[in-house]
Amino acid sequence: MPPRIRLVFLGLSVSLFLIAAVPLYRELSRRPDIWWTPPTMLVPLAEGRDRAQIYARGRPVEELLEAGQLRLVEDGGSRALTSGDIGLRFNNWDRVRAESLPPLLVSAAACGVAAFMFLLILTGRLAYRGERAA
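If you're wondering where the values come from, they're calculated on a predicted model, not measured in any experiment. (Residues numbered from 1 in each chain as written. Predicted model: local features only at pLDDT ≥ 70, side-chain atom pairs only at ≥ 80, totals over all residues. Heavy atoms only, no water.)

Trainee: Explain the overall build of the chain to me, and be specific about the residues and the numbers.
Mentor: When you go through the chain residue by residue, the secondary structure sums to three helices and six strands. Along the chain, helices (α) and strands (β) appear in the sequence α-β-β-β-α-β-β-β-α when read from the amino end. Computed over its C-alpha atoms, the radius of gyration of the chain comes to 29 Å, more than 25% above the 14 Å expected for a compact globule of 134 residues. Projected onto the principal axes, the alpha-carbon positions of the chain cover approximately 95 × 35 × 20 Å. Nonlocal contacts in the chain, meaning residues at least 24 apart in sequence, comprise 68% of its contacts between residues at least 6 apart. Working note: accessible area of the chain is about 10,500 Å², and carbon and sulfur atoms make up 61% of it. (Helix = DSSP H or I, 4+ residues; strand = E, 2+ residues; numbered from the N terminus. Rg over C-alpha atoms; globule rule 2.2 N^0.38 Å. Contact = heavy atoms within 4.5 Å. Areas by Shrake-Rupley, 256 points an atom, 1.4 Å probe, with all protein chains shown as cover.)

Trainee: Give a detailed account of the pairing of strand E5 (residues 77–80), specifying residues and quantitative values.
Mentor: Bridge analysis of strand E4 (residues 71–74) against E5 gives four bridges, and the strand direction is antiparallel. Within the sheet, the bridge partner assigned to Leu72 lies in E5 and is Arg79. The turn linking E4 back onto E5 is made up of two residues, and Asp75 within it adopts a positive phi angle of 55 degrees. (Pairing = 2+ DSSP bridges.)

Trainee: Give a detailed account of helix H3 (residues 93–123), specifying residues and quantitative values.
Mentor: Between its first and last C-alpha, H3 extends 42 Å over 31 residues, near the 45 Å set by a 1.5 Å rise per residue. Buried within H3 we find Val96, Ser100, Leu104, Ser107, Cys111, Ala114 and Ile121. Of the residues trailing H3, Gly124 is marked for its positive phi of about 80 degrees. (Expected span 1.5 Å × (residues − 1). Buried < 20%, exposed > 50% of the residue type's maximum accessible area, 1.4 Å probe, protein only.)

Trainee: Provide a residue-level description of the environment of Ile19, including the pertinent values.
Mentor: Its location among the elements puts Ile19 in helix H1 (residues 3–28). Between the alpha carbons of Ile19 and Ala110 there is a distance of 8.9 Å; along the sequence they are 91 residues apart.

Trainee: Could you give an account of the packing of aromatic side chains, naming the residues involved and the relevant values?
Mentor: By the definition in use, this model includes zero aromatic pairs. Across the ring face of Phe90, the terminal group of Arg51 is positioned such that the distance to the ring centre comes to 4.3 Å. (Phe/Tyr/Trp six-rings, centres within 6.5 Å; stacked < 30°, edge-to-face > 60°. Lys NZ or Arg CZ within 6 Å of the ring centre and 35° of its normal.)

Trainee: So what's going on with the packing of H1 against H3? Which residues, and what values?
Mentor: Close contact between H1 and H3 brings their axes to 8 Å; oriented N to C, the two are set at 160 degrees. One element, H1, and the other, H3, form an angle in the roughly antiparallel class. Relative to H3, H1 is oriented so that their crossing is left-handed. Its residues assigned to classes, the contact of H1 with H3 comprises 20 nonpolar, four polar and two charged. (Axes fitted to C-alpha atoms, helices over the stretch in contact; angles between N-to-C directions. Parallel < 35°, antiparallel > 145°, perpendicular 65-115°, else oblique. Left-handed = near helix turned anticlockwise from the far one by under 90°. Nonpolar A, V, L, I, M, F, W, Y, C, P; charged D, E, K, R; others polar.)

Trainee: I'd love a proper account of the nonpolar core, names of residues and values included.
Mentor: With seven residues, the main nonpolar core is built from Val43, Leu45, Val61, Leu65, Leu81, Leu88 and Phe90. Not counting residues within four places of it along the chain, the set of residues in contact with Leu88 comprises Leu42, Val43, Pro44, Leu45, Gly48 and Ile54. Judged by nonpolar contacts, the second largest core, of five residues, contains Ala20, Ala21, Leu104 and Cys111. (Core = buried A, V, L, I, M, F, W, Y, C linked by side-chain atoms within 4.5 Å.)

Trainee: I'd love a proper account of the pattern of salt bridges, names of residues and values included.
Mentor: On inspection of all chains with the given rule, the structure shows five salt bridges. Residue Glu63 is joined to Arg59 by a salt bridge in which the shortest nitrogen-to-oxygen separation is 3.0 Å. A residue is classified by how much of its surface remains accessible, and Glu63, at 38% relative accessible area, is partly exposed. Under the relative-accessibility criterion, Arg59 is labelled partly exposed at 32%. A network of salt bridges, in which partner residues are shared, links Glu74, Arg79 and Asp85. (Salt bridge = Lys/Arg side-chain N within 4 Å of Asp/Glu carboxyl O.)

This is the structure:
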């Protein structure tokens, strides 16, 4: 293979590798705590029933709150908690991970193909061998 053509193909395979590696790097370098519900947007206990159930000594917290059995001790006094005093924060990483997995797998496969092509071209295994006369 002529050196110029080899250089062009090497450049193309490196470009393909970088294009496929950018999404992988971006996903793997993200902060792990960004998927939590922000503290200012706590979900009330009643609205979070479909995603979380909280129990204390085998009894649902909602039941304990209605009976006035949960108390908060502060400044020497205690007061009964209400359902409005409790908020939930959810970690949405499982949902985000499930959505981003297929594109990441495609990027990883493209990185592998690009690296394989780079090695083939670099070692001269992908060389043009003209037609042979029969």
